[in-house]
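# Analysis of the macromolecular model
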Amino acid sequence: MMEDLWLMFCGESGCSDTSGKRSNSDFLRFSKPNSCINHAFIICFDVLLLVMLLFNLIQKSSAKRLHTLARFQRFAPLQIIAAVLNGCLGLVYLVLGIWILEEKLRKTQTALPLNWWLLVLIQGVTWFVVSLTISLRGSRLPRAPMRLLSILTFLFSGIVCVLSIFAAILSKKISIKIALDVLSFPGALLLLIYAYKGNNHEESDTKASESGLYDPLNGEANGISKTDSVGQVTGFSKAGFFSKLSFWWLNPLMKRGREKTLEDEDIPSLREADRAESCYLQFLDQLNKQKQIEPSSQPSILRTIIICHWKEIFVSGFFALLKILTISAGPLLLNAFILVAEGNTAFKYEGYVLAIALFFAKSLESLSQRQWYFRSRLIGLKVRSLLTAAIYKKQLRLSNAARLTHSGGEIMNYVTVDAYRIGEFPFWFHQTWTTSLQLCIALVILFRAVGLATVAALVVIILTVLCNTPLAKLQHKFQSKLMVAQDERLKACTEALVNMKVLKLYAWETHFKKVIENLRKVEYKWLSAVQLRKAYNSFLFWSSPVLVSTATFGACYFLKIPLYASNVFTFVATLRLVQDPIRMIPDVIGVVIQAKVAFARVVNFLEAPELQGATVRQKGNLENVNHAIFIKSANFSWEENSLKPSLRNISLEVRPGEKVAVCGEVGSGKSTLLAAILGEVPKTEGTIQVYGKIAYVSQTAWIQTGSIRENILFGSSMDSQRYQETLERCSLVKDLELLPYGDHTEIGERGVNLSGGQKQRIQLARALYQDADIYLLDDPFSAVDAHTATSLFNEYVMGALSEKAVLLVTHQVDFLPAFDSVLLMSDGEILRAASYHQLLSSSKEFQDLVNAHKETAGSERLADVTSQKHGTPTKEIKKGYVDKQFKAPKGDQLIKQEEREIGDTGLQPYIQYLKQNKGFLFFSLAGLSHLVFVFGQISQNTWMASNVDNPHVSTLRLIVVYLVIGFTSTAFLLCRSLSTVFLGLRSSQSLFSQLLNSLFRAPMSFYDSTPLGRILSRVSSDLSIVDLDIPFSLIFAIGATTNAYTNLGVLAVVTWQVLFVSIPVIFVAIRLQVILCKFS
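Residues numbered from 1 in each chain as written. Predicted model: local features only at pLDDT ≥ 70, side-chain atom pairs only at ≥ 80, totals over all residues. Heavy atoms only, no water.

### Overview of the overall build of the protein
Tallying secondary structure elements over the protein gives 38 helices and 14 strands in all. Across the 1080 residues that make up the protein, the buried fraction comes to 46%. Long-range contacts, defined as pairs at least 24 residues apart, comprise 80% of the intrachain contacts of the protein with a sequence gap of at least 6. For the protein, the accessible area works out to roughly 54,500 Å², and carbon and sulfur atoms hold 62% of it. (Helix = DSSP H or I, 4+ residues; strand = E, 2+ residues; numbered from the N terminus. Buried < 20%, exposed > 50% of the residue type's maximum accessible area, 1.4 Å probe, protein only. Contact = heavy atoms within 4.5 Å. Areas by Shrake-Rupley, 256 points an atom, 1.4 Å probe, with all protein chains shown as cover.)

### Concerning empty space enclosed by the protein
One pass over the structure, following the stated rule, counts 6 cavities of 30 Å³ or more. In this structure, the largest cavity encloses a volume near 150 Å³. Surrounding the largest cavity, 15 residues form its lining, Leu575, Gln579, Gln937, Gln940 and Tyr962 being those nearest its centre. For the lining of the largest cavity, the secondary-structure elements that each account for two or more residues are α20 (509–558), α21 (565–606), α33 (919–947) and α34 (955–1001). Counting residues per element, the lining of the largest cavity draws most heavily on α21, at 5 residues. Taken together, the residues that form the lining of the largest cavity break down as 7 nonpolar, 6 polar and 2 charged. (1 Å grid on protein atoms, 1.4 Å probe; cavity = no way out; pocket = protein on both sides within 12 Å on 5 of 7 lines; lining within 4 Å. Points joined across faces, edges and corners; volume = space filled by probe spheres on them. Nonpolar A, V, L, I, M, F, W, Y, C, P; charged D, E, K, R; others polar.)

### Some points on the sheet that holds strand β6 (residues 659–664)
In a beta sheet, neighbouring strands are held together by backbone hydrogen bonds and run either parallel or antiparallel to one another. With respect to topology, 6 strands assemble into an open sheet ordered β8-β11-β12-β6-β13-β14, the strand pairing being mixed. Where the open sheet ends on each side, the last strands, each with one partner, are β8 (694–697) and β14 (829–834). For this sheet, the mean inter-axis angle between neighbouring strands, taken without regard to orientation, is 15 degrees. Relative to strand β13 (residues 821–826), β6 runs parallel, the two sharing 5 bridges. Its bridge partner being in β13, Val662 is matched across the sheet by Leu823. Helix α26 (residues 756–769) contacts β8 and β11 (774–778) of the sheet and is inclined by roughly 180 degrees relative to β8. Together, β6, β11 and β12 (805–809) form the strand contacts of helix α27 (residues 786–800), whose direction differs from that of β11 by roughly 155 degrees. (Pairing = 2+ DSSP bridges. Axes fitted to C-alpha atoms, helices over the stretch in contact; angles between N-to-C directions.)

### A word on helix α12 (residues 301–308)
Ile301, Thr304, Ile305 and Cys308 are the residues of α12 that are buried. Each buried residue of α12 lies within a common arc of 100 degrees when the element is viewed along its axis, so the set occupies one face. The N-terminus of α12 is capped by Ser300, whose side-chain oxygen sits 3.2 Å from the backbone nitrogen of Arg303. (Arc of directions from axis to C-beta. Polar contact = N/O pair within 3.5 Å; in protein donor to acceptor, adjacent residues only side chain to side chain.)

### Section: unusual backbone geometry
Excluding glycine, residues mostly carry a negative phi; peptide bonds, for their part, are mostly trans. The phi dihedral of Asp827 falls on the positive side, at around 55 degrees, and the residue is not glycine. As for its placement among the helices and strands, Asp827 is situated in the loop between β13 and β14. One non-glycine residue, Lys918, adopts positive backbone phi at about 65 degrees. Mapped onto the elements of the fold, Lys918 is located in the loop between α32 (908–914) and α33.

### Focus: the pairing of strand β4 (residues 629–636)
Pairing geometry for β4 and strand β5 (residues 647–654), over 5 bridges, is antiparallel. Paired with Ala634 across the two strands is Ile650, which belongs to β5. Note: β4 against strand β7 (residues 683–691), 6 bridges, orientation antiparallel. The partner of Ile631 across the bridge, within β7, is Ile688.

### Some remarks on the packing of α20 against helix α37 (residues 1030–1054)
Remark: α20 packs on α37, axes separated minimally by 12 Å, with the N-to-C direction vectors making an angle of 30 degrees. By the angle between their axes, α20 is roughly parallel relative to α37. Of the residues in α37, those in contact with Gln531, Lys534, Ala535, Ser538 and Trp542 of α20 are Pro1031, Phe1032 and Phe1036. Tallied by class, the residues present in the contact of α20 with α37 amount to 5 nonpolar, 2 polar and 1 charged. (Parallel < 35°, antiparallel > 145°, perpendicular 65-115°, else oblique.)

### What to know about the nonpolar core
Membership of the largest hydrophobic core comes to 48 residues, with the highest contact counts inside it found for Ile712, Tyr775, Leu777, Phe781, Tyr796, Leu816 and Phe846. In terms of nonpolar packing, the next biggest core, distinct from the first, is built from 46 residues, Ala453, Val568, Leu575 and Trp943 among them. (Core = buried A, V, L, I, M, F, W, Y, C linked by side-chain atoms within 4.5 Å.)

### Describing the pattern of salt bridges
In the structure shown here, the tally under the stated rule is 26 salt bridges. For the salt bridge of Arg709 with Asp743, the shortest nitrogen-to-oxygen distance reads 3.0 Å. Of this pair, Arg709 sits in helix α23 (residues 708–713) while Asp743 sits in the loop between α25 (733–738) and β10 (746–747), and the two are 34 residues apart along the sequence. Owing to a relative accessible area of 23%, Arg709 belongs among the partly exposed residues under this scheme. Sharing partners across several salt bridges, the network here consists of Arg271, Asp274, Glu312 and Lys382. (Salt bridge = Lys/Arg side-chain N within 4 Å of Asp/Glu carboxyl O.)

### A short note on the packing of α20 against helix α36 (residues 1012–1028)
For the pair α20 and α36, interaxial distance at closest approach is 10 Å and the crossing angle is 45 degrees. Between α20 and α36, the crossing angle belongs to the class labelled oblique. For the pair α20 and α36, contact is made by Arg520, Glu523, Leu527, Val530, Gln531 and Lys534 and by Leu1023, Asp1027 and Leu1028, respectively.

### Some details on the packing of aromatic side chains
Evaluation of the coordinates by the stated rule reveals 22 aromatic pairs. Note on Phe318 and Phe319: the rings are 5.7 Å apart at their centroids and 65 degrees apart in plane angle, and the pair reads as edge-to-face. In this structure Phe319 comes out as buried when scored by relative accessible area, which is 12%. Members of the aromatic cluster, joined through ring pairs, are Phe236, Phe247, Trp249 and Phe374. Note that Arg722 overlies the ring of Tyr769, its terminal NZ or CZ placed 4.2 Å from the centroid. (Phe/Tyr/Trp six-rings, centres within 6.5 Å; stacked < 30°, edge-to-face > 60°. Lys NZ or Arg CZ within 6 Å of the ring centre and 35° of its normal.)

### Focus on the environment of Asn251
By the secondary structure assignment, Asn251 is in helix α10 (residues 251–259). The spatial distance from the C-alpha of Asn251 to the C-alpha of Gly235 is 9.3 Å, given a sequence separation of 16 residues.

### Some thoughts on the side chain of Asp487
Looking at where Asp487 falls in the secondary structure, it is placed in helix α18 (residues 454–498). One polar contact links Asp487 to Asn413, side chain to side chain, over a distance of 2.5 Å. Ignoring sequence-local partners within four residues, the contact set of Asp487 consists of Glu410, Asn413 and Arg601.

### A few points about helix α13 (residues 310–341)
Taking 1.5 Å per residue, 32 residues should reach 46 Å; α13 reaches 47 Å between its end C-alpha atoms and fits that length. Looking at the residues trailing α13, positive phi occurs at Gly343, about 95 degrees. (Expected span 1.5 Å × (residues − 1).)

As structure tokens, this is what we get:
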């Protein structure tokens, strides 16, 4: 048996060199470089290297290396050079091996002996996989095994190089393989250098990362420890090559999902590289680099995003290419099968080889398609997250003119709809070029099958694409109009929802509801136009395979091209290959248009003018400067190019620890002065400098949904002592004792369950807890009673902020004597700036202001202010609150958790959708139409298969019947497309009407317990998906299911043995689907 194996490998019992001379001596066998035994030795060593690499990949990566932040991981030049050189060598080895095999099959009709082509192929696979793994992923492998592998690779390449040089000397000629063997030696040397030198640099980077150098600055502030930040990270972060390829890393989560319904705490954290913060920081880094390269022009956001993710795009593109190549091999293998069945075999056991090749091709197709889809979706999520973060950050820096252009509803649309559409585009990006490539490959296969008749098919495809061009332009126009109409409707919805309490108190619901319904009618008009164009596109491209077959078979008839089983079935299989990319063209066009419109809107927003805060805020320590705020002869204006500035000739200097009061009549510019210090009002003239951290308390309290403690901490870490002092200084202790859960009590939407005074004091506590250098207080005592205002002034302003720079806007002149300086403002100017007594004696306007307040208030609190400056007894209050600690409640208080279905919801959601406005009728029409179309295709193929070799059926009759069936089925395609559009439009109209009625009829308790963002998500992103995506997705899902089961039925009729394989596969797929339902 060993003799037979050796004969298969070497061809003879002995061995021969390239000249064919026998060499029988054992010594000569080893000494001759091209001897079979040397080839066997090299192949065994290649296999050994692959086994060692596989063992290292299966092993878990060193935990220390997982801590290196992905945003700081960069490929070194040595890595890139080693990867490119060795990767190219491996590919050339593979191409050479395939070429040697093909030449041997062509000349000798057999693949034996195996030694030459098998040697080159295995060496190519080994060199490609091992070298790329060491150079690109060596940092994730254990250090010692990786270095051992590089040493063995270096020694192996040295031996092969010496043998090849020896062979070249003996034969006195240089072949391609000898050149590759010699070049592999410097490639292995680069790998060895990187394994020792490059890894040391990465190790030092890892230690630097662990020392906390790259820890996020807000990590401690958010109360996140290092253990939490890298605790339960997704298995994808440390998965090996085979684990990622087979998605084995998902098994623990799948197992947990089978045992219980998954909650938020069961889902592991993302890798550092996939988190929104990392994606946004990487985006900013690249954007700044683009600005430095071209400072005079605005950097391209699209180009920046591509630069950030070009590696992932390239890898997913490689899998897309692999999928296209493997799927295109199907018709060729089918043609070879038919030839073998007819007795035209090229070599013995060709049928078995073709069966194995088909199995591997389909397996590789499935693996590559899954990786393509997964990696594209991952890129889409990262792009969506970075755009969402960029939009949020931009919103905080928008100038006043830009705020007028981009309303709150539009910005909500950018985040929920436009960012979602752009995030979906990477999944479809590779379809734009793979569709063209697949069509070109299909045309080449068609040319091999039917010759010049392929030209007719090419003409039909070109005409189809040309006919679609005006439709695509119209769809782009209508999509833009639809987004504008959606913005207007969402803006009106936002205004109504924010002010729902006022609408209900004044009974204005009907009027505002009609306004929104009218805006929805405009949106519905453009939605109908977009969906109808999409339906026409779908019909045009789904019917194009019938037109292609018509043109091709007609050309075959007129060109007298004979039709045999081999070329007809190759044509039919290729036609099925053409159908998929052609049918994907409408979806690709639609997604590209939606993404283009969305991206233009987002870019327009991101390039909007910003506030020039950098010209106001100055870096530096307050200990090194004499003033915290310095303004000299400055003018400020809310509007650009305004003839009359909002603030004129402002000169102000506030030192650290100084207390300055700002008073004046209503509309004199007091709040505008604070906004100018914050950088919110553009400076048109003069100088302004602000040093240190600023805390701002607005005139109207801003409260976020959450607990009282969360509002006070505002992302900072918990310091119990400072927190208790803050509560006492803000007179919140008694209020917290009265609340059911103390400071864990949840605050409703916009602080609905708190009084105005409580909201103002929580806002003051939040500012005090931040421990800023400058405090800007805009009339904070207007919402509290006189006694509380006095207590707050003594304890908060004069006590807790005694060493801070304070600028207080107030109408209560009782507090003014305690300030170091008082600014009297009128009509946007500072009339006088002096102490209280100096102003009182020298300014008539100030005297009138004080007298008016005395007449209104009826009494003075000046004695209280001056005598009780630090006299509030708080020790007893503190003791009472500390003794009575409250535990955080389990479950909902005021804000209810969003309801969600658990497990498989069955058909109820679909039935509910189809019940809307004759939905069942249009769904039945669409489903039946698609079923008739599928049966038409089956009838076409059955007619062709049964009569192609029938001598009693003429070629003309064969083609005519085939085409009549095809054209009849396309009529049902049009019916399916139009029924789908009407289903979507009517259901969307009905659902929106019900949603609007529910929102305006809901009691105020619903709005108190439901966050506004949750409601806005329903009327923006969710409604957009219902409008555009659900109808076509539902019908295509039904169509895919119908296609799968009808094809399986045809296979079962023709070859019933396929049921032994298909039934277990269907069972496993259904079981996996049941498990996945628990994830949703």
